[in-house]
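Below, each chain spelled out in residue letters.
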There are 2 protein chains.
Amino acid sequence: MSGSKIGKQTFVFSQPPVLIGHAAVAGKKEGEGPLGSSFDQISMDSYWDECSWEKAESVMQRTVLALAADKAAIPPSRIEYLFAGDLLNQSIGSTFGHRDSEIPFFGLFGACSTMGEALALAAMTIVGGFAEITAAVTSSHFCTAERQFRFPLEYGGQRTPTSQWTVTGAGATILAASGLGPAITHVTPGKIVDAGITDPNNMGAAMAPAAYTTIKQHFEDTGRSPADYDLIVTGDLGSLGHTIVRDLFKRDSVTLQTYQDCGLMIFDRERQQVDAGGSGCGCAASVLNGYLLNAIRDGRWSRILFCPTGALMSTTSAQQGESIPGICHAVAISTVG
Amino acid sequence: MSGSKIGKQTFVFSQPPVLIGHAAVAGKKEGEGPLGSSFDQISMDSYWDECSWEKAESVMQRTVLALAADKAAIPPSRIEYLFAGDLLNQSIGSTFGHRDSEIPFFGLFGACSTMGEALALAAMTIVGGFAEITAAVTSSHFCTAERQFRFPLEYGGQRTPTSQWTVTGAGATILAASGLGPAITHVTPGKIVDAGITDPNNMGAAMAPAAYTTIKQHFEDTGRSPADYDLIVTGDLGSLGHTIVRDLFKRDSVTLQTYQDCGLMIFDRERQQVDAGGSGCGCAASVLNGYLLNAIRDGRWSRILFCPTGALMSTTSAQQGESIPGICHAVAISTVG
């Protein structure tokens, strides 16, 4: 088995790695949202029985991987390499989550696009002939993100209408060289795109140009069009970013008929007061590994393009007046060849 | 071309990807050290003509990649995929450094082991058949690391004898499916190992068990022994960690004859007041891409095992009383098959 590249930057897998197991865990608010029933575990306690939110996020990473392995009917010890990341400084959600796992570990940082990056590398490891079974895991937690990137929660800072709500959630996917389940047929890894947006409360606008660039490149490289997918779904652009992507394609006379965004799907914006929608590494990860992959297995869709998006910024870069570069990786998942 | 796995966790490349270009840049203090003449560029200005140290680190990432491409005699646009990381929160050294590069980007976090992780994935991308040319880049900067992880520099905090000095430096490697130069024959990606050390001023001791575990696994998987390498070199364990690794192998009745550490090589500890030695993603990266690869090209060594080590902690994990998990990836570089 080996891979190849088509066009400028897209990997194509002639023997697509199979997603033999997947799981999602989420917090209370996410559990009360429209996708609540698709999560394998929902915690009513934001601390997940730990003494800090950071430790809770590590528990989420560990729990969701165990659940995914269980659903794949394999012992976690059969996972040969693990690709994981999160939003916390120095990725402590992932590293502390898996420190006792005994699985060779690749730490990743792609902000909220990390699930796409992890799936890409986990798939390449199998297709390249390096492993039979790999896993991809990412997470985010509203409380760890708020206090790291914005304000202490106790401060009760005001939110702007363009701000997004960091999802408390995690998703894990188990990939295998063979087996039953949907498979990854193509990956278009993204470039960094900086449109000059400097408002950290408007990350949808900052990430939208990256999503547009990667998806457009995916179509060019593969010769596919929006009609080839039952669903195109971006990571967490929220309402504003989602509209911008649609508009950018309209300028090219391309209509995205079935285009959704994980940040819009996970919450009911009318009812749940999340402003522009959900965000965080755990948003795209929990929507994919909960709702989307369940729906593919149930036969609702047979081919989707999963495009998580990340805002590559830090509090330091924002304080130094830098703009917010974005990135997006596109992963084609299909039940058919 | 495709890869395979031998033993428990080691990749073996039957057609080893070639390191067609490599470059290292460093700061003033590193330039005054024993390896000063091996760096391609040394900056006397810690700001590298920028207005902040973080922006300086981004310039180092960009500069070192351009220098490596130049030495490989390829335009940077021929690099198909870039693997990069650093120590800064949300990896802003890398993401801002390459935001205008137009190269599809994989962001990594493995603390000071990141150069090993980046080389592993850049090599796998080629061996798996996904690209002809890839690149790996990492960096660190004394001033960005001190103020992020320890104290504002102006505070003049006291240092302990076990503390290490974060290297201001960056290294880049260009890998290709064919060409002239040393090649990567094996990679043993590491597991996270936590020995329970809680002192952030003694990271050598925290990382040493991970180095021992990965190197031991490498020998088991490949059937090789220390005698098969002209040099085994860990990332940046410093004097204490270096001694611990040697002692751990001694317990197994294994003698590491030619064992060095990048953190000990880059500074003259007698003269330069760096306590236990150098550290940071840029330490192993600049020593490899400056001194080590130059020496291999000059015929001094024909086979080395490069084992950068990382301490997977953050200020938050330390403040919450957590121990410091370590990781180490082993990369076998050889001029012969």
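Fair warning: this is a prediction, and the values are worked out from it, not measured in the lab.

Cut-offs and rules
- Residues numbered from 1 in each chain as written.
- Chains lettered and ligands numbered in written order.
- Predicted model: local features only at pLDDT ≥ 70, side-chain atom pairs only at ≥ 80, totals over all residues.
- Heavy atoms only, no water.
- Helix = DSSP H or I, 4+ residues; strand = E, 2+ residues; numbered from the N terminus.
- Rg over C-alpha atoms; globule rule 2.2 N^0.38 Å.
- Contact = heavy atoms within 4.5 Å.
- Areas by Shrake-Rupley, 256 points an atom, 1.4 Å probe, with all protein chains shown as cover.
- Lys, Arg positive; Asp, Glu negative; His and termini not counted.
- Charge placed at Lys NZ, Arg CZ, Asp CG, Glu CD.
- Axes fitted to C-alpha atoms, helices over the stretch in contact; angles between N-to-C directions.
- Parallel < 35°, antiparallel > 145°, perpendicular 65-115°, else oblique.
- Nonpolar A, V, L, I, M, F, W, Y, C, P; charged D, E, K, R; others polar.
- Least-squares fit on C-alpha atoms with pLDDT ≥ 70 in both.
- Buried < 20%, exposed > 50% of the residue type's maximum accessible area, 1.4 Å probe, protein only.
- Pairing = 2+ DSSP bridges.
- Right-handed = clockwise from strand over helix to strand, strands pointing away.
- Buried area = accessible area lost by both parts, 1.4 Å probe.
- Salt bridge = Lys/Arg side-chain N within 4 Å of Asp/Glu carboxyl O.
- Polar contact = N/O pair within 3.5 Å; in protein donor to acceptor, adjacent residues only side chain to side chain.
- Expected span 1.5 Å × (residues − 1).
- Left-handed = near helix turned anticlockwise from the far one by under 90°.
- Phe/Tyr/Trp six-rings, centres within 6.5 Å; stacked < 30°, edge-to-face > 60°.
- Lys NZ or Arg CZ within 6 Å of the ring centre and 35° of its normal.
- Disulfide = S-S within 2.5 Å.

S.K.: Where do I start with the overall build of chain A in this structure?
M.R.: If you tally the helices and strands in chain A, you get eleven helices and 17 strands. Scaling as 2.2 N^0.38, a compact globule of 337 residues should have a C-alpha radius of gyration of about 20 Å, and chain A matches this with 18 Å. Principal-axis analysis of the C-alpha atoms gives chain A an extent of 55 × 50 × 35 Å. Sequence separation of 24 or more characterises 77% of the internal contacts of chain A that already satisfy a separation of 6 or more. As displayed, chain A offers around 10,800 Å² of accessible surface, 49% of which is attributable to carbon and sulfur atoms. Of the charged side chains in chain A, 23 are positive and 32 negative, and the gap between their average positions amounts to 4 Å.

S.K.: What's the story with the packing of helix 4 (residues 114-127) of chain B against helix 10 (residues 281-297) of chain B in this structure? I'm lost.
M.R.: Describing two packed helices takes the angle between their axes plus the distance from one axis to the other. All names here are of chain B. Where helix 4 contacts helix 10, the two axes come as close as 8 Å, and the packing angle between them is 60 degrees. Taken together, helix 4 and helix 10 sit at an angle that is classed as oblique. Residue-level inspection shows T114, M115 and L119 of helix 4 in contact with helix 10, the latter providing C281, A285, L288 and N289. Residues of the contact of helix 4 with helix 10, tallied by class, amount to five nonpolar, two polar and no charged.

S.K.: Just to check I follow, could you spell out the relation of the copies chain A and chain B for this structure?
M.R.: In this structure, two copies of a chain are linked by a rotation about an axis accompanied by a shift along it. Superposing chain A onto chain B requires a rotation of 180 degrees together with a translation of 0.0 Å along the rotation axis, leaving an RMSD of 0.0 Å. What we have between these two chains is a two-fold relation. Both copies present the same face, since 100% of the interface residues in chain A are matched by interface residues at the equivalent positions in chain B.

S.K.: Before we go on, may I ask you to explain the pairing of strand 11 (residues 231-234) of chain A in this structure?
M.R.: All names here are of chain A. Residues L231 and V233 line one face of strand 11 and the alternating positions I232 and T234 line the opposite face, and both faces are buried. Of the pairings in the sheet, the one linking strand 11 to strand 14 (residues 303-307) comprises four bridges and is parallel in character. Paired with T234 across the bridge in strand 14 is C307. Relative to strand 12 (residues 259-261), strand 11 runs parallel, the two being bridged by three bridges. By the bridge assignment for strand 12, I232 is matched with Y259. With helix 7 (residues 238-251) bridging strand 11 and the parallel strand 12, this β-α-β connection has right-handed handedness.

S.K.: Any chance you could explain the environment of A123(B) here in plain terms?
M.R.: All names here are of chain B. Relative to the helices and strands, A123 resides in helix 4. Each C-alpha atom, one on A123 and one on I244, is 30 Å from the other, the two residues being 121 residues apart in sequence. For A123, the residues in contact, after removing those within four places along its chain, are F13, P17, L175 and I184.

S.K.: Honestly, the interface of chain A and chain B in this entry has me stumped. Any pointers?
M.R.: For an interface, size is often stated in terms of accessible area lost upon the parts coming together. With 61 residues of chain A at the contact, the number on the chain B side is 61 residues. Taken together, both faces of the contact between chain A and chain B bury some 5,100 Å²; the carbon and sulfur share is 60%. With its nearest N and O atoms 2.8 Å apart, the salt bridge here joins E322(B) to R99(A). Our count for the contact surface shared by chain A and chain B stands at 30 residue pairs in polar contact (both at pLDDT 80 or more).

S.K.: Looking at this structure, how should I read helix 6 (residues 203-222) of chain B?
M.R.: Residues and elements named next belong to chain B. Across its 20 residues, helix 6 extends 29 Å between first and last C-alpha, which sits within 8% of the 28 Å expected from 1.5 Å per residue. Of all 20 residues in helix 6, 17 are buried, a share of seventy percent or more. Following helix 6 by one or two positions, G223 has its phi on the positive side, about 75 degrees.

S.K.: Sorry if this is basic, but what is going on with the packing of helix 6 of chain B against helix 7 (residues 238-251) of chain B here?
M.R.: Residue and element names in this part refer to chain B. At their nearest, the axes of helix 6 and helix 7 sit 8 Å apart, and the two run at 40 degrees to each other. Between helix 6 and helix 7, the angle is such that the two are oblique. Of the two elements, helix 6 crosses helix 7, and the hand of that crossing is right-handed. In contact with G204, A205, A208, P209, A211, Y212, I215, K216 and F219 of helix 6, helix 7 contributes L240, G241, I244, V245, L248 and F249. Tallied by class, the residues present in the contact of helix 6 with helix 7 amount to twelve nonpolar, two polar and one charged.

S.K.: How should I be thinking about the pattern of salt bridges in this particular structure?
M.R.: Oppositely charged side chains are able to pair whenever their charged atoms sit close together. Within this structure, the stated rule accounts for 22 salt bridges over all chains. For E322(B), the salt bridge goes to K55(A), with nearest N and O atoms at 3.5 Å. One end of the pair, E322(B), is in the loop between helix 11 (315-319) and strand 16 (326-328); the other, K55(A), is in helix 2 (residues 53-71), on a second chain. We classify E322(B) as buried; its relative accessible area is 14%. Taking the shortest distance from any N to any O, the salt bridge between D275(B) and R159(B) comes out at 2.9 Å. Taken together, the residues D275(B) in the loop between helix 9 (269-272) and strand 13 (278-279) and R159(B) in the loop between helix 5 (142-149) and strand 8 (165-166) connect sequence positions 116 residues apart.

S.K.: Could you clarify how one ought to interpret the packing of aromatic side chains in this entry?
M.R.: Tallied over the full model, the rule gives 22 aromatic pairs over all chains. Look at F83(A) and F106(A): their rings are 4.8 Å apart centre to centre, the planes differ by 5 degrees, and that puts the pair in the stacked class. Of the two residues, F83(A) sits in strand 5 (residues 81-85) while F106(A) sits in strand 6 (residues 105-107), which places them 23 residues apart along the sequence. These aromatic residues form a ring-pair network of at least three members: F11(A), F13(A), Y81(B), F83(B), F106(B) and F130(B). When the ring centre of W165(A) is taken as origin, the NZ or CZ atom of K29(A), which lies over that ring, is 4.1 Å away.

S.K.: Would you mind going over the side chain of T114(A) with me for this structure?
M.R.: All names here are of chain A. Tracing the chain through its elements places T114 in helix 4 (residues 114-127). Using a relative accessible area of 0% as the deciding quantity, one classes T114 as buried. Each residue touching T114, except ones within four places of it in the same chain, is listed here: G85, L108, F109, T138 and C281.

S.K.: Help me out: how do you make sense of the state of the cysteines in this one?
M.R.: Any covalent bond linking the sulfur atoms of two cysteines counts as a disulfide. Using the criterion set out here, one finds zero disulfides over all chains in the structure. No disulfide involves C112(A); its nearest neighbouring cysteine sulfur is the one of C281(A), lying 5.2 Å away. Relative accessible area serves as the criterion here: at 7%, C112(A) is assigned to the buried category. Among the cysteines around C51(B), which has no disulfide bond, C143(B) carries the closest sulfur, lying 14 Å off.

S.K.: I would appreciate a short explanation of the pairing of strand 17 (residues 330-334) of chain A in the present structure.
M.R.: Each regular strand displays side chains that alternate between the two surfaces of the sheet. Residues and elements named next belong to chain A. The buried fraction of strand 17 amounts to five of the five residues, a majority that puts the element mostly inside the structure. Residues of strand 17 alternate between two faces, with A330, A332 and S334 on one and V331 and I333 on the opposite face, all of them buried. Looking at chain direction, strand 10 (residues 183-188) and strand 17 are connected through five bridges and run antiparallel. Bridging across to strand 17, V187 finds its partner in V331. Inspection of the sheet shows strand 14 paired to strand 17 by four bridges, in the antiparallel sense. Opposite L305, over in strand 17, you have A332 as the bridge partner.

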